[in-house]
Amino acid sequence: MEGTAMDCFQTSPSHSWLYPTVILCMFGFFSMMKPSEPFLIPYLSGPDKNLTSTEMTNEILPVWTYSYLVLLLPVFVLTDYVRYKPVILVQGISFIITWLLLLFGQGVKAMQAVEFCYGIVTATEVAYYAYIYSVVSPEHYQKVSGYCRSITLVAYTVASVLAQLLVSLAKLSYFYLNVISLVSVSVAFLFSLFLPMPKKSMFFHAKPSKGVEKSSSTNAVLEECQERETSGSNEENPTSEIPSPWGNLDDSRQSGPKPKNVAVRVFVQWVQDLKECYSSKHLFYWSLWWALSTAGFNQVLNYVQILWDYKAPSQNSFIYNGAVEAIATFGGALAAFAVGYMKVNWDLLGEMTLAIFSVVNAGSLFLMHYTTNIWACYAGYLIFKASYMLLITIAVFQIAINLSMERYALVFGINNFIALVIQTIITVIVVDQRGLNLPIHIQFLVYGSYFAAVAGIFLMRSTYIIYSAKCQKKATSSAISQNP
């Protein structure tokens, strides 16, 4: 009788991935279903909090960048060590504390605490995407990661549209948008309680295997990473059939003496893996663009609502932040989806593509700086976000295609950490009271110049690559003509 009762809670191997996938997707949906986010700055500057633009720009928002930087690497390591679920629970609790403080906290110090708690939320986000690989078999990685990414995309879009409708048509107060967000993240936390505890993790609790599952992981991590705002292509690209521009970076993973202590062994392996990965020029330059552009992208996203409020003050004009965010998310998704259908020699033209679209990013930010029309400012943001999402999808694929899941996770983590270091430097110099303390419209002139510099770096690199390829082609043709 006892055996029969236990059998009721077991699922067949073919369906064992369904339960954790559904629960994780529900957590992802409700954690992203936050209609208050597109209207955060109007809420803080309105009668509920009555904060000035200077206080928000120079004293409150930088706290998120600093706390995220301090927490990212420790949380990255801890997430794997405790096997994901405890970190997801911490994220759920941090969500709830963030919105309780937003609703009932008053003053600069309380809002700085909000930003610190939200730094915990973003630092622990890695657990949401890594969890599924510990409870799902490799053949389901691509499918499940697609579900997890798509559900957050849908939730963010629905929340933005709902927020715009409630503000424009129902004239709902921003306070009640935050109440809805609090309820949503609380439901997300309840779902996280029902997640199964994984028995393994990627590094500290890894199970030995005979080979590295590369094909599944490449497509899975591609969909996982699309910036946190889009969904990716479902096209399969088995790495065994694609020649690597830097050779097989996973061959040495099983070789060499390994320390007996698990933690020491893991850290030694990380150092060796990163050294070999970044020794590839192809991977190095794509990672460099990833870090530089992600730093600028996150900086723009952090302060763009303040710019909108500067161009069209929310207290005496109609604002459409929710509609713009929904369109931007959808446009980013379309751009990322289009990557799967592009037939481009990325080894030859990849850096040129990065340069061209970095120019587009710079131009859109200059437009946002110089225009006095809020609609032109909105349009610049839409172009900027779609362009970044297109390129980050390409970059993710170019980096992930020849790496095992473990090595990709390391490169992904280090690239994001470097991006955060760069963003922190920008914040200290441009935004912080101890730095230049620039007004918001001048900040976007700086951000546009920053992307112009990024474009210049990759324009020079791409020119060198194309010129070298032509010279090599000419030398080959000459050798063939001399030796028929």
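Residues numbered from 1 in each chain as written. Predicted model: local features only at pLDDT ≥ 70, side-chain atom pairs only at ≥ 80, totals over all residues. Heavy atoms only, no water.

## Structural notes on the overall build of the protein
And then number 1: Along the backbone of the protein there are 17 helices and 0 strands.
And then number 2: In the protein, which comprises 484 residues, the proportion classed as buried is 53%. (Helix = DSSP H or I, 4+ residues; strand = E, 2+ residues; numbered from the N terminus. Buried < 20%, exposed > 50% of the residue type's maximum accessible area, 1.4 Å probe, protein only.)

## Considerations on the packing of aromatic side chains
And then number 1: Taken as a whole, this structure holds 27 aromatic pairs when the rule is applied.
And then number 2: Seen from their ring centres, Trp308 and Tyr381 are 5.1 Å apart, and the 90 degrees between their planes marks the pair as edge-to-face. Here Trp308 is found in helix α12 (residues 281-311), whereas its partner Tyr381 is found in helix α15 (residues 374-400), with 73 residues between them in sequence.
And then number 3: Between Phe444 and Tyr447 the ring centres are 5.3 Å apart and the planes differ by 70 degrees, which places this aromatic pair in the edge-to-face class. One end of the pair is Phe444 and the other is Tyr447, both in helix α17 (residues 440-482) and 3 residues apart, which spans about a single turn. In terms of burial, Phe444 and Tyr447 fall into one category: buried.
And then number 4: In this structure an aromatic cluster arises from ring pairing among Trp289, Phe297, Phe384, Tyr388, Tyr450 and Phe451. (Phe/Tyr/Trp six-rings, centres within 6.5 Å; stacked < 30°, edge-to-face > 60°.)

## A word on the environment of Tyr320
And then number 1: Locating Tyr320 in the fold gives a position in the loop between α12 and α13 (321-339).
And then number 2: Along the sequence, Tyr320 and Ile374 sit 54 residues apart, while their C-alpha atoms lie 9.7 Å from each other.
And then number 3: When near neighbours in sequence (up to four residues on either side) are disregarded, Tyr320 contacts Gln164, Ser168, Trp375 and Tyr378. (Contact = heavy atoms within 4.5 Å.)

## Structural notes on the pattern of salt bridges
And then number 1: With the rule as written, the count across this model stands at 6 salt bridges.
And then number 2: Close ionic contact of Arg407 with Asp273 constitutes a salt bridge, the shortest N to O distance being 2.9 Å. With Arg407 in helix α16 (residues 405-431) and Asp273 in helix α11 (residues 262-278), the pair connects residues that are 134 residues apart, well separated along the chain. For the pair Arg407 and Asp273, one class covers both residues: buried.
And then number 3: The network of salt bridges with shared partners includes Asp273, Glu276 and Arg407. (Salt bridge = Lys/Arg side-chain N within 4 Å of Asp/Glu carboxyl O.)

## As for α15
And then number 1: Counted at 1.5 Å a residue, the expected span for α15 with its 27 residues is 39 Å, and the 39 Å between its end C-alpha atoms agrees.
And then number 2: Across the 27 residues of α15, 21 count as buried, placing the element largely inside the fold.
And then number 3: Capping of α15 at its N-terminal end is provided by Asn373; its side-chain oxygen lies 2.7 Å from the backbone amide nitrogen of Trp375. (Expected span 1.5 Å × (residues − 1). Polar contact = N/O pair within 3.5 Å; in protein donor to acceptor, adjacent residues only side chain to side chain.)

## Notes on unusual backbone geometry
And then number 1: Of note in the backbone geometry, Tyr84 takes a positive phi value of approximately 70 degrees without being a glycine.
And then number 2: Among the secondary structure elements, Tyr84 is positioned in the loop between α4 (53-81) and α5 (85-104).
And then number 3: Positive phi, close to 55 degrees, is recorded for Lys171, a residue that is not glycine.
And then number 4: Here Lys171 shows up in the loop between α8 (141-168) and α9 (174-192).
And then number 5: Owing to a relative accessible area of 54%, Lys171 belongs among the exposed residues under this scheme.

## A short note on the nonpolar core
And then number 1: Residues Trp289, Trp308, Met368, Phe444 and Tyr447 are the most contacted members of the largest nonpolar core, which totals 84 residues.
And then number 2: A total of 15 residues in this core trace back to one element, the largest contributor, which is α15.
And then number 3: If you look at the next biggest cluster of nonpolar residues, it comprises 39 residues, including Tyr84, Val87, Ala123 and Phe203. (Core = buried A, V, L, I, M, F, W, Y, C linked by side-chain atoms within 4.5 Å.)

## Here's the deal with the packing of α12 against helix α14 (residues 346-370)
And then number 1: Relative orientation of the contacting elements α12 and α14 amounts to 15 degrees, with a least axis distance of 12 Å. With respect to their mutual orientation, α12 and α14 come out roughly parallel. Seen along the crossing, α12 lies across α14 with a hand that is left-handed. Contact residues: α12 offers His282, Tyr285, Trp286, Trp289, Val300, Val304, Leu307, Trp308 and Lys311, while α14 offers Trp346, Asp347, Gly350, Glu351, Leu354, Ser358, Leu365, Met368 and His369. (Axes fitted to C-alpha atoms, helices over the stretch in contact; angles between N-to-C directions. Parallel < 35°, antiparallel > 145°, perpendicular 65-115°, else oblique. Left-handed = near helix turned anticlockwise from the far one by under 90°.)

## Some points on a nonpolar patch on the surface
And then number 1: Residues Val421, Ile425, Val428, Ile429 and Leu436 make up a contiguous nonpolar surface patch of roughly 410 Å² in combined accessible area.
And then number 2: Its place among the elements puts Val421 in helix α16. (Patch = residues over 30% accessible without salt bridge, like charges linked within 9 Å, V, L, I, M, F, W, Y side chains within 5 Å. Areas by Shrake-Rupley, 256 points an atom, 1.4 Å probe, with all protein chains shown as cover.)

## Points about the environment of Asp80
And then number 1: Examined against the element boundaries, Asp80 turns out to sit in helix α4.
And then number 2: The class of Asp80 is buried, set by a relative accessible area of 4%.
And then number 3: C-alpha separation for the pair Asp80 and Lys200, spaced 120 residues apart in sequence, amounts to 8.9 Å.
And then number 4: Aside from chain neighbours lying at most four places away, what touches Asp80 is Ser201, Met202, Phe203, Phe204 and His205.

## Brief notes about the packing of α5 against helix α6 (residues 107-123)
And then number 1: As a packed pair, α5 and α6 sit with axes 8 Å apart at the nearest point and diverge in direction by 160 degrees. Compared by their axis directions, α5 and α6 come out roughly antiparallel. Between α5 and α6 the crossing geometry is left-handed. Listed contacts from α6 to Val90, Gln91, Ser94, Phe95, Ile97, Thr98, Trp99, Leu101 and Leu102 of α5 are Met111, Ala113, Val114, Cys117, Tyr118, Ile120 and Val121.
And then number 2: A per-class count over the contact of α5 with α6 returns 13 nonpolar, 3 polar and no charged. (Nonpolar A, V, L, I, M, F, W, Y, C, P; charged D, E, K, R; others polar.)

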